[in-house]
Amino acid sequence: CAFSVKQWATKDMGKMLGEKEEKDPDAEKKEEERQEALRQQEEERKAKYAKMEAERESIRQGIRDKYGIKKKEEKEAEAQAAMEQASEGSLTRPKKAVPAGCGDEEEEEESIVDTVMKFLPGPLVDMFNKK
C-alpha cells in the first residue's frame, strides 16, 4: 500500500517538474473500446425501455377498448376532421352556432306574446284576440 502511494507521488512529482508522461501505446484503442461499450449499453437500455413502453401501451389500449375511451390524439383528429368537413367549400372561417333566442326580433316578440297569452285567464285572452 505504501509503495503504490509512493509511486503515485513520484509520478505526480515528475509531471510537476516537467517530465514527459509515459503514454500507454494502447490507450487510444482502450478509449475506443470503452466508448463502444458505452454506446452498446445505451442502445440496450433504450431497447429495453422501448419494449417496456410497448407492453404498457398494449395494456393501455386494452383498457381503452374495454371502456370505450379514445386517445387524446384521436379525439383531436376527429374534432379537426369535423371542423374541416363543416367548413368545406367555404373561404372564411367556420361560423359559430347562433344560440337559441338570438334570431329575428319579430319572432322573439311573437314568442313573448304567446307566452304571456298562455298565462292569462280566458276572458282577457278573448279581449286581446278581438283587437
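Whatever comes next refers back to the structure up there.
Rules used throughout
Within every chain, residues take consecutive numbers counted from 1 along the sequence as written. Given that the model is predicted, a residue must reach a pLDDT of at least 70 before its local features are reported, and side-chain atom pairs must reach 80 or more before they are shown or counted; all residues, however, enter totals for whole chains, interfaces and linings. Excluded from the side-chain calculation are hydrogens and water; included are all heavy atoms of the structure. Helix and strand assignments follow DSSP, with helices taken as H or I runs no shorter than four residues and strands as E runs no shorter than two, numbered in order from the N terminus. When a residue's accessible area, from a 1.4 Å probe over protein chains only, is under 20% of the maximum for its type it is buried; when over 50% it is exposed; and in between it is partly exposed. Reported accessibility uses the Shrake-Rupley method at a 1.4 Å probe radius. Residues are deemed covered only where the shown protein chains occlude them. One speaks of a salt bridge when a side-chain nitrogen belonging to Lys or Arg is within 4 Å of a carboxyl oxygen belonging to Asp or Glu.

(A) Molecular detail of the overall build of the chain. The number of helices and strands found in the chain is five helices and zero strands. Mapped in sequence order, the helices and strands of the chain form the string α-α-α-α-α. The proportion of buried residues among the 131 residues of the chain is 3%. As displayed, the chain offers around 12900 Å² of accessible surface, 56% of which is attributable to carbon and sulfur atoms.

(B) Region of interest: the pattern of salt bridges. By the definition in use, this model includes nine salt bridges. Residue Arg 56 pairs with Glu 53 through a salt bridge whose shortest N-O separation is 3.2 Å. One end of the pair is Arg 56 and the other is Glu 53, both in helix α2 (residues 27–67) and three residues apart, which spans about a single turn. Taking the relative accessible area as the measure of exposure, Arg 56 reaches 37% and is therefore partly exposed.

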